[in-house]
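Per-entry structural report
The primary structure of each chain is shown beneath.
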Amino acid sequence: KRDTGWVVGGTGWYRKKFTVEAVREGSQTEIAFDGVYMNSDVWLNGHHLGNHPYGYTSFAYDLTPYLKRQGENVLAVRVRNEGRNSRWYSGSGIYRHVWLNVTGPVRVPLWGVFVTSPEVSARSASVKVAVKVENREKAAREVTVRIRLLDAKNNAVGNHEAAQSVAAGGQVEVEQTIAVSAPALWSPASPNLYRAKVELISGGATLDSVATAFGIRKIEADAERGLRINWETVKLRGGCMHHANGLLGAAAIDRAEERRVELMKAHGFNAIRCAHNPPSPAFLDACDRVGVVVIDEAFDQWSVQKNSQDYHLYFKDWWRRDVDSMVLRDRNHPSVVFWSIGNEIPERAEPLGVSEAEEIVEEIHRLDNTRLITAAVNPSRHGAEIAPWADSDPAFKYLDVCGYNYYWNQYEKDHERLPQRIMMGTESFPLQAFENWQTVEEYPYVLGDFVWTGMDYLGESGIGNAQLNPYGPRREEPTLEGDMGGQSLASFALIFADYPWFNAYCGDVDLIGEAKPQFLYKRVLWGLSRLEMAVQRPIPEGRQQLISAWGWADELKSWTWPGHEGTPITVRVYSKGDQVRLLLNDRQVGVKPVSTENKFTAEFEVPYAAGELKAVALQNGTPIAELSYRTAGKPAKLRLKADRSSIRPDRNDLAYVTAEVLDAAGNLVPDATVPVTFDISGAGEWAATGTANPKDVQSFRQAVTATYHGKCLAIVRPVGSAGRTTLTAQSKGLEAAWLVLNVG
């Protein structure tokens, strides 16, 4: 179906055979899954260990009772992704890491260390480390819990020891508070990290040791001063992101998770909302290191369905275990500033939903009371009718920060009647970027805005499309219901994009990591750029461009339109100067003002002629920035560019190699569509190849792909040994390209 990108799930089986003769007698052996989509059952040597329905939370099983100490063990996993259970591409099967943890009977259990910073100042911080100690022996054990705090250079900055008696078969929690002087604080601008190393010692021997990264930071928020991290006001430049990794599908390879975070930060985002489920641990590790604020979200459904076989079937029996998994696993990540209890929950403002919200919030607070709690809320319904926005108030009752989906126009009204309410835009339309960011800048009680979406993803096929209407009478399209921020509903038609659209195409960043035109505009709004320019693809006479609710005009960074000589082409120039000047081949086309009145956008109609199109931003008559596009020639050659020249001989590392189509002078041909054949030899293999084209349904595992906007991407994965990898790219009639990667 359209929601999942036209792919279906099914039933899959995994079997792993292994021996444990080398494992010390009396050891405890546990298997931990970071994520399995979905409804997994696990057996060891025919013994059923358990079922885990939710596809996005981590879980573990004790293998010890059923292990064969000699001979072969067989671990079997069945995964059932059946029926209509997702509103986006979920992927299927074991798509995140699986860990085998071997410890002694006295140990720190999974997620058994919790680090907080109750007091923080520039001079010092108190770091509280709570450690759970489990004793599976048949006698009590005296244990010393030793904690060392290490900085980024592995220097010890604090330590403490505490003796504790642990009863046979019992578990205790040991809390220790350690002072850290002159702490290096974590923030998006300075993502400083520490490590807490915990050792359990008895009789001079180390029984277990674990380490966890953490950050020291102070989080505050109120309606008067907004969000502060370490006393500095932070406005959240946010994007919503699903969990999948573009051409890799749902596979959560470490480097893929890291690259997504790096791309978002490099493009100017400082916040990510994990929509609509907990992400992988590797994703949060990257957010910690790179410096990105995270909304860690639990659910897309509670007890009322959105699809007939979705999580609502399991919510009553499983919500507490899944919330515990999310919070216990993720609560040491300094990037996680918000817990979100759900997204557009159907029953959110009804008595049932309010009661459910209260229970979820209470459970989160039981495990972690150091973060802000939010939810993404849209208007309630009274039967088939959309209710007045104020009727959604019960959904916000237990939240610290109220998440508004698409309803920026209610901020000021709600502040007047509820002046202490803290708000943020948990989802917004790309076409309303101006309105949303103006409210964020103007009102301290609005913490930020999270566009739907930060990056393109598979599924919800074509919701961000821009298409030409058919010749003849215009087809009537359904429109969104309700007042979408005071903007004409005609501009927010739900224009359905049928097969072969498979990519949502609503992201500010496309499927291979390139910024899209809508993000050029946002760079100006955010103050990251003084000038940007985009050119509308020529629209045939008698046709009209229809832009869907989450869409954007079909624009390019291009002045290469052969065959359209003399045809007026729309050029949009974005700037926060007070004027912009447009020139074509050094001749002035015009000068237009830019201000809040025209949303910092000047639009020109320019008869196409090959050459140089230049925009100049002016402030009080003085140029402050300029930008130009030159007409490219015909495709002549290929070029390969890797994100890194050297990668580790590790299956969790990747190299992203972009192939570009260039003219004879070395300029990108910005709308070139040519087939490219890839070849690889040496210590690497192809993990995927493809483009950002939302309608190219070719497999991402083939060695041939057609460029889109002059580019395509090949992802290289080490085979596991050191060496060199040689890549080549060829296209008939073009000069080939080659590149060497070091693996080691």
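Now for a look at the structure at hand. (Residues numbered from 1 in each chain as written. Predicted model: local features only at pLDDT ≥ 70, side-chain atom pairs only at ≥ 80, totals over all residues. Heavy atoms only, no water.)

Observations regarding the state of the cysteines
- Enumeration over the complete set of coordinates arrives at zero disulfides.
- Here cysteine 274 stays free of any disulfide, with the sulfur of cysteine 287 as its closest cysteine sulfur at 6.3 Å.
- You can call cysteine 274 buried: its relative accessible area is 4%.
- Assessed through its relative accessible area of 0%, cysteine 287 is described here as buried. (Disulfide = S-S within 2.5 Å. Buried < 20%, exposed > 50% of the residue type's maximum accessible area, 1.4 Å probe, protein only.)

Comments concerning the sheet that holds strand S43 (residues 655–662)
- Strands sit in the order S41-S43-S47-S45 across an open sheet of four strands; the sheet is antiparallel. Of all strands in the sheet, those bounded by a partner on one side alone are strand S41 (637–642) and strand S45 (684–690). Strand after strand, the sheet turns through a mean of 25 degrees between neighbouring axes, direction not considered. (Pairing = 2+ DSSP bridges. Helix = DSSP H or I, 4+ residues; strand = E, 2+ residues; numbered from the N terminus. Axes fitted to C-alpha atoms, helices over the stretch in contact; angles between N-to-C directions.)

Here we look at the packing of helix H3 (residues 315–330) against helix H4 (residues 351–367)
- As a packed pair, H3 and H4 sit with axes 10 Å apart at the nearest point and diverge in direction by 35 degrees. In the packing of H3 onto H4, the handedness of the crossing is right-handed. Only Glu356, Glu359, Ile360, Glu363, Ile364, Arg366 and Leu367 of H4 make contact with H3, whose side of the interface consists of Phe315, Trp319, Arg320, Val323, Asp324, Val327 and Leu328.
- Each residue belonging to the contact of H3 with H4 can be placed in one class, and the counts come to eight nonpolar, no polar and six charged. (Left-handed = near helix turned anticlockwise from the far one by under 90°. Contact = heavy atoms within 4.5 Å. Nonpolar A, V, L, I, M, F, W, Y, C, P; charged D, E, K, R; others polar.)

Digging into H4
- Its 17 residues place the ends of H4 25 Å apart at the C-alpha level, agreeing with the 24 Å of an ideal helix rising 1.5 Å per residue.
- Where H4 is buried, its residues touch strand S11 (113–120), H3, strand S24 (336–343) and strand S25 (372–377). (Expected span 1.5 Å × (residues − 1).)

Here we look at helix H2 (residues 281–290)
- Where burial is concerned, most of H2 is hidden: eight out of the 10 residues are buried.
- For H2, the complete set of buried residues consists of Pro281, Ala282, Phe283, Leu284, Ala286, Cys287, Asp288 and Val290.
- On the buried face of H2, the contacting elements are strand S21 (236–241), helix H1 (254–267), strand S22 (271–274), strand S23 (293–297), H3 and S24.
- Glycine 291, located one to two residues past H2, shows a positive phi value of around 95 degrees.

A short note on the pattern of salt bridges
- In total, this model carries 52 salt bridges according to the counting rule given.
- With its nearest N and O atoms 2.7 Å apart, the salt bridge here joins arginine 255 to glutamate 258. Of this pair, arginine 255 and glutamate 258 both sit in helix H1, three residues apart, which is roughly one turn of the helix.
- As a salt-bridge pair, glutamate 555 and arginine 572 come within 2.7 Å of each other at their nearest N and O atoms. One end of the pair, glutamate 555, is in strand S34 (residues 555–556); the other, arginine 572, is in strand S35 (residues 568–575), with 17 residues separating them in the sequence.
- Glutamate 555 gets classed as buried once you look at its relative accessible area, which sits at 3%.
- Judged by relative accessible area, arginine 572 falls into the buried class, the value being 16%. (Salt bridge = Lys/Arg side-chain N within 4 Å of Asp/Glu carboxyl O.)

Some thoughts on the pairing of strand S40 (residues 622–630)
- Inspection of the sheet shows strand S39 (residues 612–619) paired to S40 by eight bridges, in the antiparallel sense. In the strand pairing of S40, leucine 618 is matched with proline 623.
- What sits between the antiparallel neighbours S39 and S40 is a turn of two residues, in which asparagine 620 has the positive phi angle 55 degrees.

Examining the nonpolar core
- Counting 121 residues, the largest nonpolar core has Leu236, Phe299, Phe338 and Ile341 as the members making the most contacts within it.
- Ranked by the residues each element gives to this core, the list is headed by H3, at seven residues.
- Not counting residues within four places of it along the chain, the set of residues in contact with phenylalanine 338 comprises Leu227, Leu236, Val293, Val294, Ile295, Asp296, Leu372, Thr374, Val401, Met424 and Leu447. (Core = buried A, V, L, I, M, F, W, Y, C linked by side-chain atoms within 4.5 Å.)

Things to note about a nonpolar patch on the surface
- Taken together, the side chains of Trp6, Tyr499 and Val697 make up a nonpolar region of the molecular surface, amounting to roughly 300 Å² of accessible area.
- Position of tyrosine 499 relative to the elements: it lies in the loop between strand S31 (466–468) and helix H7 (517–525).
- Overall, tyrosine 499 belongs to the exposed group, its relative accessible area being 52%. (Patch = residues over 30% accessible without salt bridge, like charges linked within 9 Å, V, L, I, M, F, W, Y side chains within 5 Å. Areas by Shrake-Rupley, 256 points an atom, 1.4 Å probe, with all protein chains shown as cover.)

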